[in-house]
Amino acid sequence: MVRKRRTELPGGGESSESQETGGGRGGAQRPPAQQQQQQSQPGGGRGWGPQRGGYAGRGGGGRMPPQPYYGGPPEYQQGRGGQQYQRGGPPPQRRGGVAVGRGPGAPAGGPSRPPAPELHQAMQAPYQATVTTPPVPYGSPAGTYVEAGSSSQSPEPTPSEVTEQIQQLGIQSEAAPSQAMQPASSKSMRFPLRPGKGSSGTRCVVKANHFFAELPDKDLHQYDVSITPEVTSRGVNRAVMEQLVKLYRESHLGKRLPAYDGRKSLYTAGPLPFVSREFRIILLDEEDGPGGARREREFKVVIKLAARADLHHLGMFLQGRQADAPQEALQVLDIVLRELPTSRYCPVGRSFYSPDLGRRQPLGEGLESWRGFYQSIRPTQMGLSLNIDMSSTAFIEPLPVIDFVTQLLNRDVSARPLSDADRVKIKKALRGVKVEVTHRGNMRRKYRISGLTSQATRELTFPVDERGTMKSVVEYFQETYGFVIQHTQWPCLQVGNQQRPNYLPMEVCKIVEGQRYSKRLNERQITALLKVTCQRPHEREYDILQTVHHNAYAEDPYAKEFGIKISEKLAQVEARILPAPWLRYHDSGREKDCLPQVGQWNMMNKRMVNGGTVNNWICINFARNVQDSLARSFCHELAQMCITSGMAVNPEPLLPVVGGRPDQVERILKARYHEVMTKLQPHGKDLDLLIVILPDNNGSLYGDLKRICETDLGIVSQCCLQKHVYRMNKQYLANVALKINVKVGGRNTVLVDAISRRIPLVSDRPTIIFGADVTHPHPGEDSSPSIAAVVASQDWPEVTKYAGLVCAQAHRQELIQDLYKTWQDPVRGTMTGGMIKELLISFRRATGQKPQRIIFYRDGVSEGQFYQVLLYELDAIRKACASLEPNYQPPVTFVVVQKRHHTRLFANNHNDRHAVDRSGNILPGTVVDSKICHPTEFDFYLCSHAGIQGTSRPAHYHVLWDENKFNADALQSLTNNLCYTYARCTRSVSIVPPAYYAHLAAFRARFYMEPETSDSGSMASGAAAGRGAGAGPGPRSTRVPGANAAVRPLPQLRENVKRVMFYC
């Protein structure tokens, strides 16, 4: 039954919407008055014209109180955004949100805090008052279920706090509406419901690596576990509990087999025969103590009833009769199914690895790859499903440390002393690694390496008694163990803490097996790892089925105890293959229109739909093996290819090709640019393009060159590697021409449907499509900033040209900080700006129209961050619009694009030539929106590209907000069709181009950062650069940094560069 409901808005007015379309349920919809105003507004509008000082117009929507920059909700200012699931548990609660069906202003649970930012409209002044929530004492509301596994974490904003924020948006129900779908929790902000399933395309069946899991009917109980003395290691905790179950299962635990999360929570299928009980457990140390005896450690364990986990609500949720996923019930089932593999294999995140699950492969420099599998329980339309996928990762080889260092440095290390660079490399590779000593017989004590000594082993001394008598390490080992140290010129490993350092010579240490290598791999290692993981679809499917068979869930004592049954068959899913769109090329070519075949086409007989113009260009050659004559003929061929493809290019460069040394890149670029401008400036002309020839291995040259060109000189450049210059392959030249065309402002192709105005919800009124992404530094780089990029279409109705902006922000911060910002100007007062505002203004300049619809594709957000990202970024979009003119609130559709998931789709019959592409993968355009998708929300998997090697990974699109009321077919077709407009190749791509372009722009901006000078990359100089912003390679942070997280801003892109697709 579809019910209409009315909500009173913070901005006054009402919105009435059907519960089914999910147009941003319970969010701040625009009142109808505003909608009409916005639709009837003529092209003009204050605050939109070109403004002095870039895009910083005076806040057009002057009715809004000035917003402090970074004035994010305080919830974001605590620790990392509620994400402990990245350590292995399932995602945190997908809960929180607008109060639906609760009396006016009813308080939310959780700590009271100041009102959060509103999902802003440009409001009429009288409605400025916010509804503040009465304070509530800290702690969970009565009868709630404490989230498992989180008690040992630092305080993090819980989903209920996020909820409370949304409640503080002051959205109240006039009367509690009776709803078709009542949320279990009264505080559930809803993402849009699925607006029905799509129907366009050719129907087919595919298999997915999801295995149906039967929901048990057990009475689940959760118990709090406290172990004293407290230990940080989950391994020790597990050993203690394993011993406890072994000793007391029959006598004290009512014969139950509990599942334990390794931290603070224990789960049972039915109650234990006590409410609280204390046990004493003795563990023998795994290492021999002095004299061969093993050390005994005693632990006190208290087990206390915490709550009953409710499977009834999970059942309701899976049937679509309840709004929010009961995360705690899912977590219990997840922990139960992880119990056995955790004891058998080496757990890493949500995956399990073992040398027994496949051959180890050497990766070089002391690393090897281990095979394993990923396992996660997910709520889907078919019920619970267990998602299983194959996986490989890098482990440190269990070598003697001397051998490891020899491999790492790739040379005989005894030959010459270590250089400073060698030491830094060794220190980075070994810090945090566990070793065992080999010089004490059976006593293989284990230590964690904290660093290297600055002195050689022969120079090291340490105090042996209270009087401060010093002894050398060499003497000590000789006298105490009769061990003669050979490599006395080497540093020692430092183990233990800095206050009481302990020195171990490298030659007495061996690396302990089973340690994952979490730092950055080099190119060769990545190639070797990809070789191992790259499997044809039928091989991968076979391995997945073997893994499920090998895991024998039917025999798993924990699964049995809890009554969980797992199917051994891959889920068969209905899918549809969406047709490829027709593409338009220029009328002067022999082929004006083109229909791609199996996700690809070529430029034969076609000319670019809008060829760019390159009147003035030059070439600089940094590859000393490329003769100037070869460089000249390459440039000539490239110019000819551009002309053939439809561009207007001067066949001759403005100045002759010049050679240059890579170490003098800045001097050469500036000198050459100066020469060129001396020629051009008197005629009011500019340099249109710089062609650069680079050596194949060019280190930092590429990045330096892009930084100087794009942020300093303001020129677009095209780099070509020397190997391609030698080959001068036609296909290569055609691809480079595609890139050059968009860099100088041309268009390669457009969708026929776009120019004939046939794209639903895009062609009917001016629409801007955004793409946004944040790239984070590699693990181990614990101080460099994250980089956010936003691109937006600058043409309508074609939607193919995208301008891009980039900014640096706090380390591992996922929320894009500069979408909207305000600051105080001493003369002009409160100023507003940010990436959204600047891109809206440039759309207006380029098209002469204001966007009347916004589609925002956001890449790189994990499920646990959906709420925070939507809250923060939708709010920024609204404020940016309102700052351009009062009441300007175009409807927004906010879609998250995910590639980092483990769902894989396989053809139902691998031998059916019509069902697969050349690589054996499912056909491009395959879309799935049933069975393995979310029980109620609007999401779908789309494989938009043809596979090349390995198994294709479909992109997952999840709609978090939709005021444009897309139906499934409209959004799926739009997304699939856009994938054919990617500028850099004549293939459809795997994720929607705006998200792809944002990713490229963010990646490019890494090169704009000043190179780090500190050797450690983290210890001293890097500490101030953002250490306070959730340092370490932990999960991405979703808190809004305060002033302490000062991040050095990136150098500004030059205006003429911003306007074109410089990142291509």
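That block above? That's the structure.
Everything quoted here is computed from the prediction, not taken from an experiment.

With that settled, the discussion passes to the pattern of salt bridges. Evaluated as defined, the whole model comprises 46 salt bridges. The closest approach of N and O atoms between lysine 821 and aspartate 818, which form a salt bridge, is 3.9 Å. Where glutamate 873 meets arginine 858, a salt bridge forms, and the shortest distance between an N and an O atom there is 2.8 Å. With a gap of 15 residues between them, glutamate 873 in helix α19 (residues 866–884) and arginine 858 in strand β39 (residues 853–859) connect regions that are remote in the sequence. Both residues of the pair, glutamate 873 and arginine 858, belong to the buried class. Counted as one network, the salt bridges with shared partners bring together Glu278, Arg280 and Glu298.

Moving on, we come to the packing of helix α12 (residues 628–644) against helix α16 (residues 730–743). Where α12 meets α16, the axes come as close as 9 Å, and the angle between the chain directions of the two elements is 65°. For the element pair α12 / α16, the angle class is roughly perpendicular. Note on packing geometry: the crossing formed by α12 with α16 is right-handed. Touching Phe634, Glu637, Leu638, Met641 and Cys642 of α12 are Lys730, Tyr732, Leu733, Ala734, Val736, Ala737 and Ile740, all from α16.

Moving on, we come to the packing of aromatic side chains. In the structure shown here, the tally under the stated rule is 25 aromatic pairs. With a centroid separation of 6.1 Å and 25° between ring planes, the pair formed by tryptophan 601 and tyrosine 980 is classed as stacked. You can see tryptophan 601 sitting in the loop between β26 (593–594) and β27 (613–614) and its partner tyrosine 980 sitting in the loop between α20 (968–978) and α21 (993–1005), a full 379 residues away along the chain. Ring centres of phenylalanine 1003 and phenylalanine 1007 lie 6.2 Å apart, and the angle between their planes is 80°; on these two criteria the pair is classed as edge-to-face. Phenylalanine 1007 gets classed as partly exposed once you look at its relative accessible area, which sits at 28%.

What follows is about the environment of methionine 641. Its place among the elements puts methionine 641 in helix α12. In this structure the C-alpha to C-alpha distance between methionine 641 and lysine 730, which are 89 residues apart in sequence, comes to 8.1 Å.

Below, the discussion takes up the sheet that holds strand β32 (residues 717–721). On the basis of which strands lie adjacent, the open sheet formed by 4 strands has the order β30-β28-β31-β32 and parallel pairing. The strands lining the two open edges of the sheet, one partner per strand, are β30 (658–659) and β32. Across 2 bridges, strand β28 (residues 617–621) lies against β30 in parallel orientation. Bridged to isoleucine 620 within β30 is valine 658.

Let us now look at the pairing of strand β21 (residues 502–505). For a regular strand, side chains alternate in direction, first toward one face of the sheet and then toward the other. Both strand β20 (residues 491–495) and β21 contribute to a ladder of 4 bridges, which runs antiparallel. Across the sheet, cysteine 492 pairs through a bridge with proline 505, a residue of β21.

Following threonine 228, the chain continues to proline 229 via a peptide bond in cis, the omega torsion being 0°. Within the element layout of this structure, proline 229 appears in the loop between β6 (220–228) and α3 (234–248). A cis amide bond links tryptophan 796 to the next residue, proline 797, at an omega of 15°. Structurally, the position occupied by proline 797 is in the loop between β35 (786–793) and β36 (802–809). With phi around 55°, arginine 757 is a residue other than glycine that occupies positive phi space. By relative accessible area, arginine 757 is classed as partly exposed at 46%.

The next point concerns the sheet that holds strand β4 (residues 202–208). Within the open sheet, the 11 strands sit side by side as β36-β35-β34-β39-β40-β44-β43-β42-β24-β4-β41. Their pairing is mixed. In this open sheet, the two edge strands, each paired with only one partner strand, are β36 and β41 (905–907). On average, adjacent strands in this sheet sit at an angle of 30° to one another, irrespective of strand direction. Pairing of β4 with strand β24 (residues 571–577), which is carried by 7 bridges, proceeds in the antiparallel orientation. Bridge pairing in β24 links valine 205 to glutamate 574. Contacting β4 and β41, helix α10 (residues 537–551) runs over the sheet at an angle of about 115° to β41. Across the sheet, α19 touches β39, β40 (892–898) and β44 (955–962), and the angle it forms with β40 is around 140°.

Looking at the secondary structure, you find serine 988 in the loop between α20 and α21. Of the residues examined, serine 988 reaches a relative accessible area of 3% and is grouped as buried. Engagement of the side chain of serine 988 in a polar contact is seen with the backbone oxygen of serine 944, the distance being 2.7 Å. When residues no more than four places from it in sequence are discounted, the contact partners of serine 988 are Gly599, Trp601, Pro924, Ser944, His945, Ala946, Cys979 and Tyr980.

The buried count for helix α4 (residues 311–318) comes to 6 of 8 residues, which makes it a mostly enclosed element. Of the residues making up α4, those classed as buried are Leu311, Leu314, Gly315, Met316, Phe317 and Leu318. N-capping of α4 is provided by aspartate 310, with a side-chain oxygen placed 2.9 Å from the backbone N of histidine 312. With its phi angle positive at about 80°, glycine 320 sits one or two positions after the end of α4.

With that settled, the discussion passes to the state of the cysteines. This structure, assessed with the given rule, holds 0 disulfides. With no disulfide of its own, cysteine 719 lies closest to cysteine 720 among cysteine sulfurs, the gap being 7.3 Å. By relative accessible area, which is 14% here, cysteine 719 ends up buried. Not part of a disulfide, cysteine 979 finds its nearest cysteine sulfur in cysteine 943, a span of 9.8 Å. Cysteine 979 gets classed as buried once you look at its relative accessible area, which sits at 0%.

Turning our attention to the side chain of glutamine 515. Looking at the element boundaries, glutamine 515 is found in the loop between β22 (509–511) and α9 (523–533). A polar side-chain atom of glutamine 515 sits 2.9 Å from the main-chain carbonyl oxygen of valine 512. If near-sequence neighbours (up to four positions away) are discounted, glutamine 515 is found in contact with Phe395, Ile396, Gly432, Val433 and Lys434.

About the criteria used
- Per-chain numbering applies: the sequence of each chain, read as written, is numbered from 1 onward.
- Local features in this predicted model are restricted to residues of pLDDT 70 or higher, and side-chain atom pairs are both shown and tallied only at a pLDDT of 80 or more, whereas totals for entire chains, interfaces and linings draw on every residue.
- Note that water and hydrogens are dropped before the side-chain values are worked out from all heavy atoms of the structure.
- Whenever a carboxyl oxygen of Asp or Glu lies within 4 Å of a side-chain nitrogen of Lys or Arg, that contact is scored as a salt bridge.
- Only DSSP runs of H or I reaching four residues or more are called helices, and only runs of E reaching two or more are called strands; each is numbered from the N terminus.
- Under the scheme applied here, a residue whose accessible area is under 20% of the maximum for its type counts as buried, over 50% as exposed, and between as partly exposed, the area being computed with a 1.4 Å probe on protein chains only.
- Note on geometry: axes are C-alpha line fits, over the in-contact stretch for helices, and angles between N-to-C directions span 0 to 180 degrees.
- The labels follow the angle: roughly parallel below 35 degrees, roughly antiparallel above 145, roughly perpendicular from 65 to 115, and oblique for the rest.
- Each crossing is labelled by how the near helix is turned from the far one, with a counterclockwise turn of less than a right angle marking it left-handed and a clockwise turn marking it right-handed.
- Residue contacts follow a heavy-atom distance rule, with two residues in contact if any of their heavy atoms lie within 4.5 Å.
- Ring pairs are drawn from Phe, Tyr and Trp, using the six-membered ring of Trp, whenever the two centres fall within 6.5 Å, and their geometry is named by plane angle: stacked under 30 degrees, edge-to-face over 60, tilted for the rest.
- The pairing criterion is simple: DSSP has to find at least two bridges between the two strands.
- Pairs of N or O atoms are called polar contacts if they sit within 3.5 Å, as long as, within protein, a hydrogen donor faces a hydrogen acceptor (for residues adjacent in sequence, only side-chain-to-side-chain pairs).
- Any two cysteine sulfur atoms lying within 2.5 Å of each other are counted as a disulfide.

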